Amino acid sequence: AQRVTQPEKLLSVFKGAPVELKCNYSYSGSPELFWYVQYSRQRLQLLLRHISRESIKGFTADLNKGETSFHLKKPFAQEEDSAMYYCALKRGSTLGRLYFGRGTQLTVWP
Amino acid sequence: NAGVTQTPKFRILKIGQSMTLQCTQDMNHNYMYWYRQDPGMGLKLIYYSVGAGITDKGEVPNGYNVSRSTTEDFPLRLELAAPSQTSVYFCASSYPEFYEQYFGPGTRLTVT
């Protein structure tokens, strides 16, 4: 079985502070990991995926297979980063099916 | 290019009533999905489809049915609504080879 855990339901930081949204997973195979984001009054959308190893809007995430984690990081948070963030896992063998964590609501104060 | 559209946006049902949630995408995606999101929880997959005429169950299929007669449309049917089906329902679509899922705006359903 697979499980995605986001331990923080709410996270608040001040503008310019570093931010880290935690994601841990359990899966015995080789997963693909994603971060999806939902800004206020917008649709859920892909932020980044681990296989791309890219930085989007200043966010990065590294897959740590030893710690089974895929934490999302940004060195200097901005007010426009305030949103709901979901970590999601795709099992290597399943076509497109995603398993989501419960989400972390990030608030960046001015 | 509207992407993924869902109707209705909101609906209140009485216990035992039936309804169909509509989902349409104009991106010619083969894969389509239905998720539900309960308060404070992540999205859970109800059903998915890999192409017209092909559907399969996800994690929480009980109480729902789907059909996929065209590439564009993937309706979700609730036959006998129950309070446990009160949730926000999201439809999504993707190309199989890219796996990025494009989401609709959601339907908020309340069963009383």
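In what follows, the structure referred to is the one given above.
Parameters and conventions
Residues numbered from 1 in each chain as written. Chains lettered and ligands numbered in written order. Predicted model: local features only at pLDDT ≥ 70, side-chain atom pairs only at ≥ 80, totals over all residues. Heavy atoms only, no water. Helix = DSSP H or I, 4+ residues; strand = E, 2+ residues; numbered from the N terminus. Rg over C-alpha atoms; globule rule 2.2 N^0.38 Å. Buried < 20%, exposed > 50% of the residue type's maximum accessible area, 1.4 Å probe, protein only. Pairing = 2+ DSSP bridges. Axes fitted to C-alpha atoms, helices over the stretch in contact; angles between N-to-C directions. Contact = heavy atoms within 4.5 Å. Buried area = accessible area lost by both parts, 1.4 Å probe. Salt bridge = Lys/Arg side-chain N within 4 Å of Asp/Glu carboxyl O. Polar contact = N/O pair within 3.5 Å; in protein donor to acceptor, adjacent residues only side chain to side chain. Nonpolar A, V, L, I, M, F, W, Y, C, P; charged D, E, K, R; others polar. Core = buried A, V, L, I, M, F, W, Y, C linked by side-chain atoms within 4.5 Å.

Visitor: So, the overall build of chain B: which residues are in play, and what are the values?
Guide: Looking only at helices and strands, chain B features 0 helices and 11 strands. Helices (α) and strands (β) of chain B occur, in sequence order from the N terminus, as β-β-β-β-β-β-β-β-β-β-β. In terms of C-alpha radius of gyration, chain B reaches 13 Å, essentially the compact-globule figure of 13 Å for 112 residues. Projected onto its principal axes, the C-alpha coordinates of chain B cover approximately 40 × 25 × 25 Å. The burial tally for chain B puts 47% of its 112 residues in the buried class.

Visitor: So what's going on with the sheet that holds strand 1 (residues 4–7) of chain B? Residues and values would help.
Guide: Paired through their backbone hydrogen bonds, the strands of a sheet run either parallel or antiparallel. All names here are of chain B. Strand order in the open sheet formed by 4 strands is 1-3-8-7, and the pairing between neighbours is antiparallel. The sheet terminates laterally at strand 1 and strand 7 (64–66), the two strands that pair on one side only. Across the sheet, the mean angle separating the axes of adjacent strands is 20 degrees when strand polarity is ignored. As paired elements, strand 3 (residues 19–25) and strand 8 (residues 76–78) share 3 bridges and run antiparallel to each other. Along strand 8, the bridge assignment pairs T20 with R77.

Visitor: How would you summarise the sheet that holds strand 8 (residues 72–74) of chain A if you had to cite specific residues and measurements?
Guide: All names here are of chain A. Pairing within the open sheet is antiparallel, and its 3 strands lie in the order 3-8-7. Here the strands that pair on one side only, and so sit at the sheet edges, are strand 3 (19–21) and strand 7 (60–61). The pairing of strand 7 with strand 8 spans 2 bridges and is antiparallel. Paired with T60 across the bridge in strand 8 is K73.

Visitor: Describe unusual backbone geometry, naming the residues involved and giving the relevant values.
Guide: Note the cis peptide between T7 of chain B and P8 of chain B, where omega equals -5 degrees. Positionally, P8 of chain B belongs in the loop between strand 1 and strand 2 (10–13). Backbone geometry at R41 of chain A places phi at a positive 65 degrees, although glycine is not the residue there. Tracing the sequence through the fold places R41 of chain A in the loop between strand 5 (32–38) and strand 6 (45–49).

Visitor: How would you sum up the interface of chain B and chain A? Please name residues and give values.
Guide: Contact with chain B, which involves 23 residues of that partner, is made by 19 residues of chain A. The junction of chain B with chain A conceals about 1,800 Å² of combined surface from both sides, 54% of it contributed by carbon and sulfur atoms. If you sort the residues of chain B by the area they bury against chain A, L43, Y99 and F103 of chain B come out on top, with a joint share of 32%. The tally of links between chain B and chain A comes to 1 salt bridge. Across the salt bridge formed by E100 of chain B and R49 of chain A, the nearest N and O atoms sit 3.7 Å from each other. Remark: the boundary between chain B and chain A carries 4 residue pairs in polar contact (both at pLDDT 80 or more). The set of elements that each furnish at least two residues to the side of chain B that touches chain A consists of strand 4 (31–37) and strand 5 (43–51) of chain B. The biggest single contributor to the side of chain B that touches chain A is strand 4 of chain B, with 4 residues. Partitioning the side of chain B that touches chain A into residue classes produces 14 nonpolar, 6 polar and 3 charged.

Visitor: Explain the nonpolar core to me, using residue names and the numbers behind them.
Guide: Residue and element names in this part refer to chain A. By size, the foremost hydrophobic cluster in this structure holds 27 residues, and its most contacted members are W35, F70, L72 and Y85. Mapped by element, the contributors of at least two residues to this core are strand 2 (10–14), strand 3, strand 5, strand 6, strand 9 (83–90) and strand 11 (104–109). Ignoring any residue separated from it by four or fewer positions in sequence, one finds Y85 in contact with Q6, L21, W35, Y36, V37, Y39, L47, F59, L72, G103, T104 and L106.

Visitor: I'd like to hear about the pairing of strand 11 (residues 107–111) of chain B, residue by residue, with values.
Guide: All names here are of chain B. Side chains T107, L109 and V111 project from strand 11 onto a buried face, and the interleaved R108 and T110 project onto a face without burial. Both strand 2 and strand 11 contribute to a ladder of 4 bridges, which runs parallel. The residue bridging I12 from the neighbouring strand is T110, located in strand 11. Here strand 9 (residues 87–94) pairs with strand 11 via 3 bridges, running antiparallel. Pairing of Y89 across the sheet is with T107, part of strand 11.

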